[in-house]
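Listed below, chain by chain, are the residues.
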Amino acid sequence: MLGSSLHQLGNLTQLMPTPDGTTKSQHIFTIAVEGNIGCGKTTFLQHFKGNPKVEVLPEPVDKWKSVKGYNSLDMMYKDAARWSLAFQSYVTLTMMEHHENKEETPKVKMIERSIYSTRHCFIENLHQGGLMPDIDYNILGEWHDWLNQNSTTDINLIVYLRASPQNCFDRIHKRNRDEEKDVPIEYLNSLHKLHEDWLIEKKRGELPAPLLVIDANLDLEDLQKKISQMEPKILSGNLS
Ligand code: TTP
Ligand code: MG
């Protein structure tokens, strides 16, 4: 079913004139890779990096770490009650840059996360945990509603890398990103629950795209093998 919608999307590909006179096309198929912090999203994207038919857009964590000299990720972790609105607004902006990104030749676009997980997992978590007041939460909610209605936020497939919070915790400590050194397991437990509520239990309403769940509890080598096996399915969008 998804295979035929991919075909239709291919036919619908539009060439869009840009102010500099060149034309850029819509992507034929957009895949959002989702899952808890440390579940292996970047590893998954790396696998497709050399493929000329795929445009890979990893999460711009470096941008978040350097906003005109400010490390907004670090500020958020150190004082979430003060900085989460600023940080989550910036994350939303950088997610939109990826959603709106267009190429000169149509390709499959693969993005690390989306505005959907920013909202349903991270913003929700901060609000539920009492670190984001209602007013900030409501304003961000209105921004997200507006963006969904007025800009390109369409995705065609969600790949959910499902891993236990304990495995994510171990990987985060192994990779040792400075800002994340004090992330407690409880934080990963709540984020895991919010991913499950959104993607598996569908508590946030209908998903924006069909879902492919991959067990990401495997060690790195086995995960790589699994991604290779599943590559044709993922890139064709044919889940049957
Ligand atoms: P992730 O988006 O989970 O990316 P990752 O690179 O840690 O995951 P993986 O190992 O699977 O590639 O989170 C990046 C950091 O940004 C992490 O510390 C959580 C934080 N973050 C937020 O606080 N709010 C957000 O909305 C997002 C998207 C990330
Ligand atoms: Mg990553």
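Provided above is the structure to which this section pertains.
Residues numbered from 1 in each chain as written. Chains lettered and ligands numbered in written order. Predicted model: local features only at pLDDT ≥ 70, side-chain atom pairs only at ≥ 80, totals over all residues. Heavy atoms only, no water.

At the metal site, the magnesium ion (ligand 2) is ligated by Thr42 (OG1) and Glu112 (OE), and these contacts range over 2.0 to 2.2 Å. Placement of threonine 42 in helix H2 (residues 41–47) and of glutamate 112 in strand E5 (residues 108–112) is noted, with a sequence separation of 70 residues between them. For threonine 42, a relative accessible area of 37% puts it in the partly exposed group. (Donors = N, O, S within 2.8 Å, 3.2 Å for Na, K, Ca; no water. Helix = DSSP H or I, 4+ residues; strand = E, 2+ residues; numbered from the N terminus. Buried < 20%, exposed > 50% of the residue type's maximum accessible area, 1.4 Å probe, protein only.)

Right, let's talk about helix H7 (residues 134–150) for a bit. Compared with an ideal rise of 1.5 Å per residue, which puts 17 residues at 24 Å, H7 spans 24 Å between its outermost C-alpha atoms and is within 8% of the ideal. If you follow the buried residues of H7, they end up packed against helix H5 (80–100) and helix H6 (115–128). (Expected span 1.5 Å × (residues − 1). Contact = heavy atoms within 4.5 Å.)

One open sheet holds the 5 strands; their spatial order is E4-E5-E3-E6-E7, and the pairing between them is parallel. Either end of the sheet is taken by a strand with one partner, and the two such strands are strand E4 (54–57) and strand E7 (211–215). Here the average twist between neighbouring strands, direction ignored, is 20 degrees. Of the pairings in the sheet, the one linking strand E3 (residues 29–34) to strand E6 (residues 157–162) comprises 4 bridges and is parallel in character. Residue pairing in the sheet places valine 33 in a bridge with valine 159 of E6. Lying on the sheet, H5 is in contact with E4 and E5; it crosses E5 at an angle near 170 degrees. Lying over the sheet, helix H9 (residues 185–200) contacts E3, E6 and E7, oriented at roughly 145 degrees with respect to E6. (Pairing = 2+ DSSP bridges. Axes fitted to C-alpha atoms, helices over the stretch in contact; angles between N-to-C directions.)

On to the packing of H5 against H6. Packed helices, taken two at a time, are described by the angle between their axes plus the distance between the axes. The contact between H5 and H6 brings their axes to 10 Å, and the two run at 175 degrees. In terms of orientation, H5 lies roughly antiparallel with respect to H6. Here H5 contributes Ala80, Ser84, Gln88, Val91, Thr92, Met95, Met96 and His99 to the contact with H6, which in turn contributes Ile115, Tyr116, Thr118, Phe122, Ile123 and Leu126. Within the contact of H5 with H6, the residues separate by chemical class into 9 nonpolar, 5 polar and no charged. (Parallel < 35°, antiparallel > 145°, perpendicular 65-115°, else oblique. Nonpolar A, V, L, I, M, F, W, Y, C, P; charged D, E, K, R; others polar.)

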